[in-house]
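Chain and residue survey
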Amino acid sequence: MNTEKVTARRLSAEEVSELGLQDSIFVSAEMDGLPLDCYASAFLTKPGKNFEGGSFTARTIFGEEIHVLPDNAEERGIWIADKAGEEIEVLQSAGVLLNLALFVPDGNKESLDSLYSAARDAFGAGIVQRWSEETVAVPEVKVDLYEEPARGRKNTNNQNRDRRALDIYPTRVRFLEPSDGWRFIVEPHKEIVDDTPTI
């Protein structure tokens, strides 16, 4: 297990409530119930002022969500880098796992195997591995994807819409995430007809 020593100090719940989404913190490196006696770099899942009840949720750089009560002496708490603090062990990353959604037109087993072989040739056979594989047929349907404010008024006109993507296949929508405070609206695709008179 690769760790490094970092000088940090533990934060109180009041201090955590002043943190934003960009502030780097350290929380317990526990993964899927596997207790690790060290910390992991993390970020709050929403600004500290928006949490209620003194419990905070942080997402580590390894994708784990940790729920923490900073003022509970029995928990590891939330730490932030500080030269005047104490040394803690922080778990280091061994690399990056890419979750890829590949769209293969008229895809069949041979074309998928060719993609896999090309990736192994480019990065090395020991690097590229198939962890899981889901083959989904993509219907010949297109939709328009919009974003709307999450608390927008109903039956309003389209002026408050922020068009995020056009001509998108419905199966790709599930791999996107809406902006903070916005929600997705998916509608059947409408071709844009330019009826401007031409000379």
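Report on the accompanying structure. Since the model is a prediction, treat every value here as computed from it, not as a measurement. All residue numbers here refer to positions counted from 1 along the written sequence of the relevant chain. Where totals are concerned, whole chains, interfaces and linings use all residues; where local detail is concerned, this predicted model gives features only for residues with pLDDT of at least 70, and gives and counts side-chain atom pairs only at 80 or more. Here the side-chain values reflect all heavy atoms present in the structure, with hydrogen atoms and water set aside.

As a further point, take the overall build of the protein. Looking only at helices and strands, one finds three helices and 10 strands in the protein. Secondary structure elements are taken from DSSP: a helix is a run of H or I of four residues or more, a strand is a run of E of two residues or more, and numbering for both begins at the N terminus. The order of α-helices and β-strands along the protein, N terminus first, is β-α-β-β-β-β-β-β-α-β-β-α-β. For the exposure calls, accessible area comes from a 1.4 Å probe over protein chains only, and a residue counts as buried if that area is under 20% of its type's maximum, exposed if over 50%, partly exposed in between. Of all 199 residues assigned to the protein, the portion counted as buried reaches 25%. Residue pairs at least 24 apart in sequence account for 60% of intrachain contacts in the protein once pairs closer than 6 positions are excluded. All accessible areas in this document rest on Shrake-Rupley with a 1.4 Å probe, and a residue is counted as covered only by the protein chains that are shown. Total accessible area on the protein stands at roughly 14,600 Å², and carbon and sulfur atoms take up 50% of it. Whether two residues are in contact is decided by their heavy atoms: any pair within 4.5 Å suffices.

Attention now goes to the packing of aromatic side chains. Here is the rule: rings of Phe, Tyr and Trp (six-membered ring for Trp) pair when centre to centre is within 6.5 Å. Planes less than 30 degrees apart are stacked, more than 60 are edge-to-face, and the remainder are tilted. All chains considered together, the criterion is met by two aromatic pairs. Definition used: whenever NZ (Lys) or CZ (Arg) falls within 6 Å of the ring centre and also within 35 degrees of the ring normal, the charge is taken to sit over that ring. Lying across the ring of Phe51, Lys46 places its NZ or CZ 5.0 Å from the centre.

Here we take up the pattern of salt bridges. For this document, the term salt bridge refers to a Lys or Arg side-chain nitrogen within 4 Å of an Asp or Glu carboxyl oxygen. Applying the stated criterion across every chain yields a total of seven salt bridges. Ionic pairing is found between Glu15 and Arg9, a salt bridge with its closest N-O pair at 3.0 Å. Sharing partners across several salt bridges, the network here consists of Arg9, Glu15 and Asp82.

Buried residues dominate strand β4 (residues 56-60), accounting for four of its five residues. Any two strands with at least two DSSP bridges between them are considered paired. Of the strand pairs in this sheet, strand β3 (residues 39-44) and β4 are connected by three bridges, and their pairing is antiparallel. Paired with Ala42 across the bridge in β4 is Thr60. As paired strands, β4 and strand β5 (residues 65-68) are joined by four bridges and run antiparallel to one another. Each residue of the ladder has a partner; that of Phe56, found in β5, is Val68. Between β4 and the antiparallel strand that follows it, β5, lie four residues; Gly63 among them carries a positive phi value of about 85°.

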